[in-house]
2 protein chains.
Amino acid sequence: MTAGESNGADELIGTEAPRDPESALARLAGRHAAGYRSVGVMAYDIIREAILDGTLPPGHKLRQETLAELIGVSRLPVRSALIQLESDGLVEFHDRRGAVVKSLSSEQAREVYQLRILLETEALRHSMADMTDQRLARLRELGRTADAKQEGGDFVDARTAFYAELYDAARLPIQWELIEQLRLKVGRYMLGWRLVGDDTHHHSHDELTDAVAAGDVEQAVALLRHHLEGVRDGVLDMLEAESLAKAAPTRRRSRS
Amino acid sequence: MTAGESNGADELIGTEAPRDPESALARLAGRHAAGYRSVGVMAYDIIREAILDGTLPPGHKLRQETLAELIGVSRLPVRSALIQLESDGLVEFHDRRGAVVKSLSSEQAREVYQLRILLETEALRHSMADMTDQRLARLRELGRTADAKQEGGDFVDARTAFYAELYDAARLPIQWELIEQLRLKVGRYMLGWRLVGDDTHHHSHDELTDAVAAGDVEQAVALLRHHLEGVRDGVLDMLEAESLAKAAPTRRRSRS
DNA sequence: CCCGAGATTTCTGGATCCAAGATGCAGACT
DNA sequence: AGTCTGCATCTTGGATCCAGAAATCTCGGG
């Protein structure tokens, strides 16, 4: 690609199809432009978001130089960010050959959801023991928001807010941290979930809130488990589709 | 026991009392001197080990310059190491004021062990479903080693090896990763555990191996849970003692 | 004698520069 | 003609250098 067109490309791309990571990441960088204490965490946020929303697909090579100039900083904060992302399990370092976006195998996805079910149902049990009306009201609100946003960019954020509120009553910060880690690992694939999810789950957050409000622990746990299993299956389908697409890649037509 | 005797207690804890982190860390650096692909991971290993064996106590300020020249490298790989250690939950960054060794509150310790019980008993159940004689033999060996080493530097390593072998049959790499994270958080306090641990636990690994060999899942799970609860109580006592010691600090003699 | 404001000093965070290793291509040899 | 080896280039990893912010120390005032 010629350098002269990259300026215009930024203008043109308004659709949600991040064809080339270059311009898409530049837009992300623009949104995150101001108000950061250190550019290191800014770089971290930008790259993390880019991985999570699919701008940087699994397997993508992450060249420090490119990322640095796209974000508008030096290579050093990029390196910091990549190190953090490695600890988060989102990228993978190959010894002297740089970092790539980690991809998730079906087995790993299965294990992640197995663990999420284990940890989140446990958190739910603890949380329901200390539920307050006030919290319940907030939960209701957040649940409706999460159910409403079946798609869109802040789709994942809405869910995160709901579960954060739900489990927060348990006052188990380390457990929540682990849950967040696990959610992060599958976050990139949750975006495509609505593509395969059926209507069964469309009100799951509200239903769950009902069970919590009623104090029916077993029902709530069952709903949560069922919900997670549903999402898991969706993610597995997504992974399946993706591996198929990789096996038979779409033909790319040469540009004019 | 009075706080004034805490000096003597330090003698008990270790063969060598790491009075000043300087020289102790320099020795550590010497042991790790050679055979690393990158000095960044070397710095990580050294600092991590220093935190885990108590050379760098909780609350200690980690000045990059000092660490760098002690290890014998530049500040940059030290920064990388600190970032990784932050993700591991071992150090904590204060915005523009550098990093300190994270300390563990009683509540956090309790939560860690609650989670370890949850995750490890689950791993044990899965593991026992796929146990082989070969693995059992190795387990027996490692268990005896772990039981034998009630003290010493590689005390934690022996236990890690045992549990790694025990849970490995389950083929749950992510779950093991989480368990390792949790063990890391309390690793620094496990060193002092034997001081308060009673004889009840001295053969716990061997007993556990027996139950696993017998295929008695519930018995094995009960033993594991009991063992972890015992360690937890020891760690809590240790934390209690440490907070007392902090409240009544050792008298400081003026330097020459 | 104590408290506060300012200056100094120290330390972190970022940028630029340098060296070492890996990849890929081209040429030569079998 | 195919393959192996050597060279050029690219990219990461590390070191030194620079700027900004925070803590401390000191001096002056109350």
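As the structure is a computational prediction, the values presented were derived from the model and not from experiment.

### Notes on the overall build of chain A
Link 1 in the chain: Within chain A, the secondary structure is distributed over 12 helices and 3 strands.
Link 2 in the chain: Within chain A, the fraction of its 256 residues that count as buried is 45%.
Link 3 in the chain: Of all intrachain contacts in chain A linking residues separated by at least 6 positions in sequence, the fraction that spans at least 24 positions is 72%.

### Brief notes about the protein's contact with DNA strand C
Link 1 in the chain: Near DNA strand C there are 17 residues, and of these A:Ser74, A:Arg97, B:Arg63, B:Arg75 and B:Arg79 occur at the shortest range.
Link 2 in the chain: Take A:Ser74: an N or O atom from its main chain is 3.1 Å from a phosphate oxygen of DNA strand C.
Link 3 in the chain: Only helix 3 (39-52) and helix 5 (75-87) of chain A together with helix 5 (75-87) of chain B provide two or more residues apiece to the surface near DNA strand C.

### Side note on the pattern of salt bridges
Two side chains carrying opposite charge are able to pair once their charged atoms lie near each other.
Residue and element names in this part refer to chain B.
Link 1 in the chain: One pass over the full model with this rule turns up 21 salt bridges over all chains.
Link 2 in the chain: Between Arg-116 and Glu-120 there is a salt bridge, and its shortest N-O distance comes to 2.7 Å. Here Arg-116 and its partner Glu-120 are both found in helix 6 (residues 106-129), 4 residues apart, which amounts to about one turn of the helix.
Link 3 in the chain: On the accessibility criterion, Glu-120 (0% relative accessible area) is buried.

### As for the packing of aromatic side chains
All names here are of chain A.
Link 1 in the chain: Counted under the stated rule, the structure contains 6 aromatic pairs over all chains.
Link 2 in the chain: For the ring pair Tyr-163 and Tyr-167, a centre distance of 5.8 Å and an interplane angle of 25° mean the geometry is stacked. In this pair, Tyr-163 and Tyr-167 both sit in helix 8 (residues 155-168), 4 residues apart, roughly one turn of the helix. Of the two residues, Tyr-163 and Tyr-167, both sit in the buried class.
Link 3 in the chain: What links up through ring pairs into an aromatic cluster is the set Phe-162, Tyr-163, Tyr-167 and Trp-176.
Link 4 in the chain: Positioned over the ring face of Tyr-189 is Arg-188, at 5.1 Å from the centre of the ring.

### A look at the interface of chain A and chain B
Interface size is often expressed as the accessible area that is lost when the parts come together.
Link 1 in the chain: Of the residues lining the interface, 27 residues belong to chain A; the matching set on chain B comes to 27 residues.
Link 2 in the chain: Together chain A and chain B conceal approximately 2400 Å² of surface at their shared face, both sides included; 63% is due to carbon and sulfur atoms.
Link 3 in the chain: At the surface where chain A touches chain B, the tally comes to 2 salt bridges.
Link 4 in the chain: One salt bridge in this structure joins A:Glu177 and B:Lys185, with 3.8 Å as the shortest N-O distance.

### Things to note about the sheet that holds strand 1 (residues 61-62) of chain B
Link 1 in the chain: Overall, antiparallel pairing links the 3 strands, which are arranged 1-3-2 (chain B) in an open sheet. Two strands lie at the open edges of the sheet, namely strand 1 and strand 2 (91-94) of chain B, each paired on one side alone.

### Points about unusual backbone geometry
Link 1 in the chain: Although it is not a glycine, A:Arg171 adopts a positive phi angle of roughly 55°.
Link 2 in the chain: Within the secondary structure layout, A:Arg171 lies in the loop between helix 8 and helix 9 (173-190).

### A few points about the packing of helix 7 (residues 133-148) of chain B against helix 11 (residues 204-214) of chain B
All names here are of chain B.
Link 1 in the chain: Two numbers describe how helix 7 lies on helix 11: the axes approach to 7 Å, and their chain directions differ by 160°. As the angle between them shows, helix 7 and helix 11 are arranged roughly antiparallel. Crossing of helix 7 over helix 11 shows left-handed handedness. Taken together, the residues of helix 11 that come into contact with helix 7 (itself represented by Leu-136, Leu-139, Arg-140, Gly-143, Arg-144, Ala-146 and Asp-147) are Ser-204, His-205, Asp-206, Thr-209, Asp-210, Val-212 and Ala-213.
Link 2 in the chain: Within the contact of helix 7 with helix 11, the residues separate by chemical class into 5 nonpolar, 4 polar and 5 charged.

### Observations regarding the relation of the copies chain A and chain B
Link 1 in the chain: Once chain A has been moved 0.0 Å along the axis and rotated by 180°, it coincides with chain B to within an RMSD of 0.1 Å. Between the two chains, the operation in question is that of a two-fold axis.

### Points about helix 4 (residues 64-71) of chain A
Because each turn of an α-helix spans 3.6 residues, side chains separated by three or four positions in sequence point in the same direction.
Link 1 in the chain: Taken together, the buried positions of helix 4 of chain A are occupied by A:Thr66, A:Leu67, A:Ala68 and A:Ile71.
Link 2 in the chain: Just past helix 4 of chain A, the residue A:Gly72 takes up positive phi, approximately 95°.

### Details of the nonpolar core
Link 1 in the chain: By size, the foremost hydrophobic cluster in this structure holds 77 residues, and its most contacted members are A:Leu124 and B:Leu124.
Link 2 in the chain: Leave out the neighbours within four places in its chain, and A:Leu124 touches A:Leu166, A:Tyr167, A:Leu208, A:Val212, A:Ala220, A:Val221 and A:Leu224.

### Digging into the pairing of strand 3 (residues 98-101) of chain A
All names here are of chain A.
Link 1 in the chain: Of the pairings in the sheet, the one linking strand 1 (residues 61-62) to strand 3 comprises 2 bridges and is antiparallel in character. Each residue of the ladder has a partner; that of Lys-61, found in strand 3, is Val-100.
Link 2 in the chain: Relative to strand 3, strand 2 (residues 91-94) runs antiparallel, the two sharing 4 bridges. Paired with Val-91 across the strands is Val-101, a residue of strand 3.
Link 3 in the chain: Once strand 2 ends, the chain turns through 3 residues before running back antiparallel as strand 3.

### Quick notes on the protein's contact with DNA strand D
Link 1 in the chain: The environment of DNA strand D is made up of 17 residues, and the closest members are A:Arg63, A:Arg75, A:Arg79, B:Ser74 and B:Arg97.
Link 2 in the chain: At the protein interface, 67% of the atoms of DNA strand D within 4 Å belong to sugar or phosphate.
Link 3 in the chain: At 3.2 Å from a phosphate oxygen of DNA strand D is found a side-chain nitrogen or oxygen belonging to A:Gln64.
Link 4 in the chain: One of the side-chain N or O atoms of A:Arg96 is found 3.3 Å from a base oxygen in DNA strand D.
Link 5 in the chain: Elements with a minimum of two residues in the surface near DNA strand D: helix 5 of chain A together with helix 3 (39-52) and helix 5 of chain B.

Definitions and limits used
Residues numbered from 1 in each chain as written. Chains lettered and ligands numbered in written order. Predicted model: local features only at pLDDT ≥ 70, side-chain atom pairs only at ≥ 80, totals over all residues. Heavy atoms only, no water. Helix = DSSP H or I, 4+ residues; strand = E, 2+ residues; numbered from the N terminus. Buried < 20%, exposed > 50% of the residue type's maximum accessible area, 1.4 Å probe, protein only. Contact = heavy atoms within 4.5 Å. Near = heavy atom within 4 Å. Polar contact = N/O pair within 3.5 Å; in protein donor to acceptor, adjacent residues only side chain to side chain. Salt bridge = Lys/Arg side-chain N within 4 Å of Asp/Glu carboxyl O. Phe/Tyr/Trp six-rings, centres within 6.5 Å; stacked < 30°, edge-to-face > 60°. Lys NZ or Arg CZ within 6 Å of the ring centre and 35° of its normal. Buried area = accessible area lost by both parts, 1.4 Å probe. Pairing = 2+ DSSP bridges. Axes fitted to C-alpha atoms, helices over the stretch in contact; angles between N-to-C directions. Parallel < 35°, antiparallel > 145°, perpendicular 65-115°, else oblique. Left-handed = near helix turned anticlockwise from the far one by under 90°. Nonpolar A, V, L, I, M, F, W, Y, C, P; charged D, E, K, R; others polar. Least-squares fit on C-alpha atoms with pLDDT ≥ 70 in both. Core = buried A, V, L, I, M, F, W, Y, C linked by side-chain atoms within 4.5 Å.

Interpretation note: all reported values are geometric properties and have no functional meaning in isolation.
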